[in-house]
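Here is how the chains run, residue by residue.
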Amino acid sequence: MWQTIKNAFSDKSIRNKIFATFGLLLAFRIGCWIPLPGISADFYAGQFGGTAESNTIFQLLSMMSGGSMQYLTLFALGILPFINSFIIMQLLTLIIPPLERLSKQGDEGREKITIITRYVAIALAVVQAIGIVVAYKDYIEPMFGEKNGWLTAIMIIALLVSGSTVVMWLGERITELGIGNGTSLIIFSGILSSFGLALVNTIPQIQADPTKLWNLFGYLLVVLFLFAFIVFVDGGERRIKVNYAKQVKGNKMYGGQSTFIPIKVNSSGVMPIIFASSFMTIPMMIFQFTGQDNQAFVNYMTFCYPGSINSQWQWVGWVFYYLVMLVLIIFFAYFYAQIQFNPQDVARNLQQYGGSIQGIRSGKPTSDYLQKINNRIVLFGALFLGFIAIVPAVLFQLIGAGLGVNNAISSTGMLIAVSVALEFNKQLEGQLMMKHYKGFLK
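As a starting point, this report considers the structure included with it.

The rules we used
- Residues numbered from 1 in each chain as written.
- Predicted model: local features only at pLDDT ≥ 70, side-chain atom pairs only at ≥ 80, totals over all residues.
- Heavy atoms only, no water.
- Axes fitted to C-alpha atoms, helices over the stretch in contact; angles between N-to-C directions.
- Helix = DSSP H or I, 4+ residues; strand = E, 2+ residues; numbered from the N terminus.
- Contact = heavy atoms within 4.5 Å.
- Nonpolar A, V, L, I, M, F, W, Y, C, P; charged D, E, K, R; others polar.
- Core = buried A, V, L, I, M, F, W, Y, C linked by side-chain atoms within 4.5 Å.
- Buried < 20%, exposed > 50% of the residue type's maximum accessible area, 1.4 Å probe, protein only.
- Pairing = 2+ DSSP bridges.
- Salt bridge = Lys/Arg side-chain N within 4 Å of Asp/Glu carboxyl O.

The next subject is the packing of helix α9 (residues 150-177) against helix α10 (residues 182-200). Where α9 meets α10, the axes come as close as 7 Å, and the angle between the chain directions of the two elements is 115°. Across from Val167, Leu170, Gly171, Ile174 and Thr175 in α9, the residues of α10 making contact are Gly182, Thr183, Leu185 and Ile186. Of the residues belonging to the contact of α9 with α10, the class tally is five nonpolar, four polar and no charged.

Next up, the structure:
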C-alpha cells in the first residue's frame, strides 16, 4: 500500500487528483465547524455526545458527520440524506418497473436516476431539518425579534438543507475530479475526525491520572485487532468454478475457458448493522416525542436497553438489547443479500453463454446450488457482523468508558473505514496501471 502511495505521488496527474481530493475534503471539514445561529450548542453536545452508555444511531450519525451533528453546525446533516436517498432508490428500482427500465438503459438511464436521487435527497434533508427544529423548538433563540422564533426556525431549516446540498455537491466533485467515491470519502473523513478528536480529549485526563494511559493502550490494541480482523474477513470469498464449452462461430472458436463466480463472505457490508441500529432506536425516538416521565419509559430503559439505569435488572437490558440486535442483523443480512445476488439471473446467463458448474446441471439445479451456497455464506457474514456490532461495544464500554472514548469509533465506523480505505487503494492501483498501459502503447 505504501509503495502504491509513493508511486501515485510520483505521477503529476495522479498527484493533482490526490490534492484535489484532500482540498475538497478540507472544505467539508471547515463547514463542519461553522456553527448555526439561534441554537445552544451545549444542549446538542449533551444530546448527541459520547456520554451515553450505548452505541445508538445518534452517536453513529454524529460520528459519520465528523462531530458536526453533535454541535449542530452548517454541515450537521452531512451526506446522510443522499445516502438514504440512494438506498431508497435502489429498493424502488427493484419494485417500480419504470425505474427498473431506466436502470437498464446504460449511462443515460443511470444519469436520470442520479438526478431523481438528488431531488429525493433534498426532500429528505428538508424533512430531517424540520424534525430537528420541531423536536427542539424550546431551545431556539429568536434572532429577529419574532414571537416563538418561527423566522429563526425557517432560517435554521434553510441553512441545514443548504449545507447538506453543498456536501452532496462536494462528494460529486471528489468523484469527478479526485480519486475514489466522494460520498464514501466524506464519511471516511468524518469517522477519522471523530476518532482523532476523542483521542485528543483524553490527554487532560491522562495528565491528571497517568494510570489511565494503560486504558488507552488497551483500547488502541482492541481497535487495531478489530481493524485487522475486519480486513481479513473483508477479503474472504467463495469462488465457484465455471467451465465454458467450446463454440464454433464462423471460422473462429470461442469458449473452452474456466473462470469463477466470487461470492464475498460479507457482501452486505455495513447495511445490516445500520438497518438494525435504526430499528432499535425507534422506541427511543418515540419516547423523545411522547415524554420520558412515565413508567413505560422506565421499564424500557430497565429491561430493554443496555445498562442505562442502575438496577439489579441491568443485565436483562444488555442481554435483551444485543440478542434482538443479533436477530435483526441476521434478518437484514439475508434481506440485503436477496437484493444483491439473484441466482436465477446468474444461472440464466451461464446457460446462455455455454457455462456450467462442474457436477451441476444447467438451469434450475444451478440456481438452487447457487442459492444454497449463498445462504450458507450469508449466515457466516451475518454472524461476523453480529460479532463486530456487539463484542466491540461491550469491550469499548469496559475499557474506554473511564476515558470517555467508548463511543469514539463504532463497529459500523470501523467497517466503513476499512472498506473505503481498501477501495481507495484499489482506485490508486487502477490509476497507476492505466498510466503504465498508456506509456506502453506510446
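We now examine the nonpolar core. Across soluble globular proteins, nonpolar side chains show a tendency to be buried alongside one another. Of all hydrophobic cores here, the largest spans 58 residues; its most connected members are Ile79, Ile186, Tyr219 and Leu415. Dropping the residues within four chain positions of it, Leu415 is found in contact with Ile230, Asn266, Val270, Ile273, Phe384, Leu385 and Ile388. Within the second largest apolar cluster, 16 residues are counted, among which are Ala129, Tyr136, Ile140 and Ala153.

The subject of this paragraph is the sheet that holds strand β1 (residues 237-244). Strand order in the open sheet formed by three strands is β4-β1-β5, with antiparallel pairing between adjacent strands. Edge positions in the sheet fall to β4 (258-264) and β5 (355-357), since each of these pairs with one other strand and no more. On average, adjacent strands in this sheet sit at an angle of 40° to one another, irrespective of strand direction. Summarising the sheet, β1 and β5 pair through three bridges and their orientation is antiparallel. Bridging across to β5, Tyr244 finds its partner in Gly355.

So, on to the pattern of salt bridges. Throughout the structure, instances matching the rule amount to six salt bridges. Among the ionic pairs, Glu176 bridges to Arg173, the shortest N-O distance being 2.6 Å. Linking Glu176 with Arg173, this pair stays in helix α9, spanning three residues, or about one helical turn. You can call Glu176 exposed: its relative accessible area is 53%. A relative accessible area of 19% means that Arg173 is categorised as buried. One salt bridge connects Asp368 with Lys364, and the closest N-O pair in it is separated by 2.9 Å. Of the two residues, Asp368 and Lys364 both sit in helix α18 (residues 364-400), four residues apart, roughly one turn of that helix. For Asp368, a relative accessible area of 40% corresponds to the partly exposed category. The class of Lys364 is exposed, set by a relative accessible area of 58%.

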